Amino acid sequence: MTTEAAAEFETHRPRLFALAYRMLGSASEAEDVVQDTYLRWSAADRPAVRTPAAWLTKVMTNLCVNRLTSARARRELYVGPWLPEPVLTRTADGPLGPLETAEQRESVSLALLTLMERLTPAERAVFVLREAFGHSHREAAEVIGVEEAHARQLHRRARERLGRPGRFAVDDTRRRETVERFFAAALDGDLAGLERLLADEVTAWADGGGRVTAARRPITGRAKVLRYLLGLGSGPEAAVATFLPAEVNGEPALLVLLDGTLFAVAVPEIHEGRVSAVRTILNPDKLAFAAAQLV
């Protein structure tokens, strides 16, 4: 491949990764798909490619669709709850692209990426192309190789399945303050403080993937989640851990480090001023990308 062709691809790499991550919910798989796209670009008849951005988007999206089809079977065998891989988004030019609006942040939130597991691969592709990257129905149809009417139907079904809860109605400052109070109460073992902050039907998920000890079923209800959080705060790891506030997938989060190694990432979800969900990723395989970002 010529130097010019390689340079052309690199101009598209950030956008391709951001798209692949939203499609797959996995940073490591997104990197693999981007590399596969690069290999196809290197072997392509590039003079025949009129619009490199469209060509690359089409190739990569269809690679993601193929991966999602096989991933569904793998995730049925996954040990415990499956959560997306966390990505640090503390900088404006982060790997997921600009997250300057509520809609952009929602497009990479752990909550939405988890919900998107309900969608078929084609529904997810159209939804991401439309909602996160502003493609028209016609453009989305061309990318996945269907009629425009079918793309419209896929998009409508995706929106219906996801529900679009509008979690970011509260402003960033209030949301961040709520998260900070929540983490402070959890780390201090402040029972009363946690009770005030937890929603009645709060749910806690922990993704250990069978690699580390973690709850293998969601924990639901204020009383049960309260006991669960207090138990974590009094555990042996908590006594020697380092806790760092961070922004993960566009949301306030807490990083847990043991001996300088990333051990867990906890991301609360805020609804109507209270914590409605807590998603904690502990699977070391899923923490590798975020850990590399810390270096």
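If you're wondering where the values come from, they're calculated on a predicted model, not measured in any experiment.

Enquirer: How would you sum up the overall build of the chain? Please name residues and give values.
Expert: What the chain contains, in helices and strands, is 13 helices and 6 strands. Against the globule reference of 19 Å for 295 residues, the chain gives a C-alpha radius of gyration of 20 Å, in line with a compact fold. Each principal axis of the C-alpha distribution contributes one length, and for the chain these read about 65 × 40 × 40 Å. A total of 295 residues make up the chain; the buried ones form 48% of that total. Total accessible area on the chain stands at roughly 14,300 Å², and carbon and sulfur atoms take up 52% of it.

Enquirer: With reference to specific residues and values, describe the pattern of salt bridges.
Expert: Using the criterion set out here, one finds 17 salt bridges in the structure. Linking Arg124 and Glu117 is a salt bridge whose minimum nitrogen-to-oxygen distance equals 2.9 Å.

Enquirer: Residues and numbers for the sheet that holds strand 2 (residues 219-220), please.
Expert: Across the sheet, which stays open at both edges, the 6 strands sit in the order 2-1-6-5-4-3 with mixed pairing between neighbours. Of all strands in the sheet, those bounded by a partner on one side alone are strand 2 and strand 3 (242-248). Examined bridge by bridge, strand 1 (residues 198-207) and strand 6 (residues 274-281) share 6 bridges and lie parallel to one another. Among the inter-strand pairings, Ala204 is bridged to a residue of strand 6, identified as Val278.

Enquirer: Before we move on, can you summarise the side chain of Ser26 with the specific residues and values?
Expert: Relative to the helices and strands, Ser26 resides in the loop between helix 1 (3-24) and helix 2 (27-43). A residue is classified by how much of its surface remains accessible, and Ser26, at 4% relative accessible area, is buried. At 3.1 Å, the side chain of Ser26 and the backbone nitrogen of Glu29 are in polar contact. Within the local environment of Ser26, its side chain forms a polar contact with the side chain of Glu85, the two groups lying 2.8 Å apart. Leave out the neighbours within four places in its chain, and Ser26 touches Tyr21 and Glu85.

Enquirer: I'd love a proper account of the nonpolar core, names of residues and values included.
Expert: Core analysis: the biggest nonpolar cluster contains 42 residues, and Phe17, Tyr21, Met23, Met60, Cys64, Met116 and Phe127 have the highest contact counts within it. Elements with a contribution of two residues or more to this core: helix 1, helix 2, helix 3 (52-76), helix 5 (110-115), helix 6 (121-131), helix 7 (137-144) and helix 8 (148-162). Considering each element in turn, this core owes the most residues, 9 residues, to helix 1. Other than its neighbours up to four places away in sequence, Tyr21 contacts Ser26, Ala27, Ala30, Pro84, Glu85, Pro86, Val87, Leu96, Leu113 and Asn249. Counting residues in each nonpolar core, the second largest holds 26 residues, with Val225, Leu229, Val256 and Leu258 among its members.

Enquirer: I'd love a proper account of the environment of Gln35, names of residues and values included.
Expert: Tracing the backbone through its elements, the reader meets Gln35 in helix 2. Between the C-alpha atom of Gln35 and that of Thr220, which follows or precedes it by 185 residues, the distance is 40 Å.

Enquirer: Explain helix 11 (residues 222-233) to me, using residue names and the numbers behind them.
Expert: Helical periodicity: at 3.6 residues per turn, an α-helix aligns residues three or four positions apart in one direction. Helix length check: helix 11, at 12 residues, gives a terminal C-alpha distance of 16 Å against a target of 16 Å (1.5 Å per residue), a fit within 8%. All of the buried residues in helix 11 are Val225, Leu226, Tyr228 and Leu229. Angular distribution of buried residues about the axis of helix 11 spans 165°; they occupy a single face of the element. Of the residues in helix 11, the exposed ones pointing more than 90 degrees away from the buried face are Lys224 and Arg227. Buried-residue contacts for helix 11 involve helix 9 (172-188), helix 10 (191-197), strand 1 and strand 2.

Quick notes on the rules
- Residues numbered from 1 in each chain as written.
- Predicted model: local features only at pLDDT ≥ 70, side-chain atom pairs only at ≥ 80, totals over all residues.
- Heavy atoms only, no water.
- Helix = DSSP H or I, 4+ residues; strand = E, 2+ residues; numbered from the N terminus.
- Rg over C-alpha atoms; globule rule 2.2 N^0.38 Å.
- Buried < 20%, exposed > 50% of the residue type's maximum accessible area, 1.4 Å probe, protein only.
- Areas by Shrake-Rupley, 256 points an atom, 1.4 Å probe, with all protein chains shown as cover.
- Salt bridge = Lys/Arg side-chain N within 4 Å of Asp/Glu carboxyl O.
- Pairing = 2+ DSSP bridges.
- Polar contact = N/O pair within 3.5 Å; in protein donor to acceptor, adjacent residues only side chain to side chain.
- Contact = heavy atoms within 4.5 Å.
- Core = buried A, V, L, I, M, F, W, Y, C linked by side-chain atoms within 4.5 Å.
- Expected span 1.5 Å × (residues − 1).
- Arc of directions from axis to C-beta.

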